[in-house]
Amino acid sequence: MARTYGVNLLVRYWWVVWLAGLIVFALLRIPHAPLAIKDVPGGILDHQAAGTAVEVWRIQQAWKDAGLLGHARWGMIGDFVFIGVYGLGCILAGLFFRAQPPAWLRRLGWVALVSGLVFLVTDYGETIAQFIQLVQFAGNDTLAALAAFLQPIKIAAWIIASLAVLSGIVVRRMTRGNA
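Residues numbered from 1 in each chain as written. Predicted model: local features only at pLDDT ≥ 70, side-chain atom pairs only at ≥ 80, totals over all residues. Heavy atoms only, no water.

Here the focus is the side chain of Gln60. Following the sequence through the fold, Gln60 ends up in helix α5 (residues 53-65). From its side chain, Gln60 meets the backbone oxygen of Gln133 in a polar contact 3.4 Å long. Not counting the four nearest positions on each side in its chain, Gln60 is found in contact with His47, Leu69, Gln133, Leu134, Phe137 and Ala138. (Helix = DSSP H or I, 4+ residues; strand = E, 2+ residues; numbered from the N terminus. Polar contact = N/O pair within 3.5 Å; in protein donor to acceptor, adjacent residues only side chain to side chain. Contact = heavy atoms within 4.5 Å.)

See below:
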């Protein structure tokens, strides 16, 4: 019984978790912003999309030469926190909206839930692949290809989940006034 109450409470206050994820995302600009240098103009996004061991090594070497490996490590560690908190926030929002009228809001709940889950899985996969290469300070063709493959999927899932949650907020607000 207590476990169900805790889950219900978490679902009811989904917005706290979701907003915390947005705050972590904003704070990640601190370690990520310096990674966009002349040789790596896309910063962390270039590392995600590198696709080959040679390109990962080139990027990491450029960051090392610029004294930015610490920023890259802390940025990726922060990414692990962001992924978990924001992904969970989207999933909880989806669970919450699925239980609300009208049917349109329930559909948005499903979209937020599924895309939040896809975001969690793909972004964790991508970030783990990146982090292994960074810690080893060596590119790996398999891990680089995996990160590059997952990047567009996780970006799409993040956008869809975010739009579903924002749309759910709007729809719920509009329909609550009509109840």
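Aromatic ring pairs are defined here through the distance separating the ring centres and the angle between the ring planes. Evaluated as defined, the whole model comprises 14 aromatic pairs. Seen in terms of ring centroids, Phe25 and Trp158 are 5.5 Å apart; in terms of plane orientation they differ by 35°. Their pairing is tilted. Highlighted residues: Phe25 in helix α2 (residues 14-27) and Trp158 in helix α8 (residues 141-176), separated in sequence by 133 residues. By relative accessible area, which is 30% here, Phe25 ends up partly exposed. Ring centres of Phe80 and Phe131 lie 5.7 Å apart, and the angle between their planes is 85°; this geometry places the pair in the edge-to-face category. Placement of the pair is Phe80 in helix α6 (residues 69-98) and Phe131 in helix α7 (residues 103-136), with a sequence separation of 51 residues. Residue classification places Phe80 among the partly exposed positions, given a relative accessible area of 21%. Taking relative accessible area as the criterion, Phe131 reaches 22% and is therefore assigned partly exposed. Among the aromatic residues, ring-to-ring pairing joins Trp14, Trp18, Phe25, Phe82, Tyr86, Phe96, Phe97, Phe119 and Trp158 into one connected group. Its end group placed over the ring of Phe25, Arg29 keeps NZ or CZ at 4.5 Å from the ring centre. Over the face of the ring belonging to Trp110 we find Arg98, whose NZ or CZ atom lies 4.4 Å from the ring centre. (Phe/Tyr/Trp six-rings, centres within 6.5 Å; stacked < 30°, edge-to-face > 60°. Buried < 20%, exposed > 50% of the residue type's maximum accessible area, 1.4 Å probe, protein only. Lys NZ or Arg CZ within 6 Å of the ring centre and 35° of its normal.)

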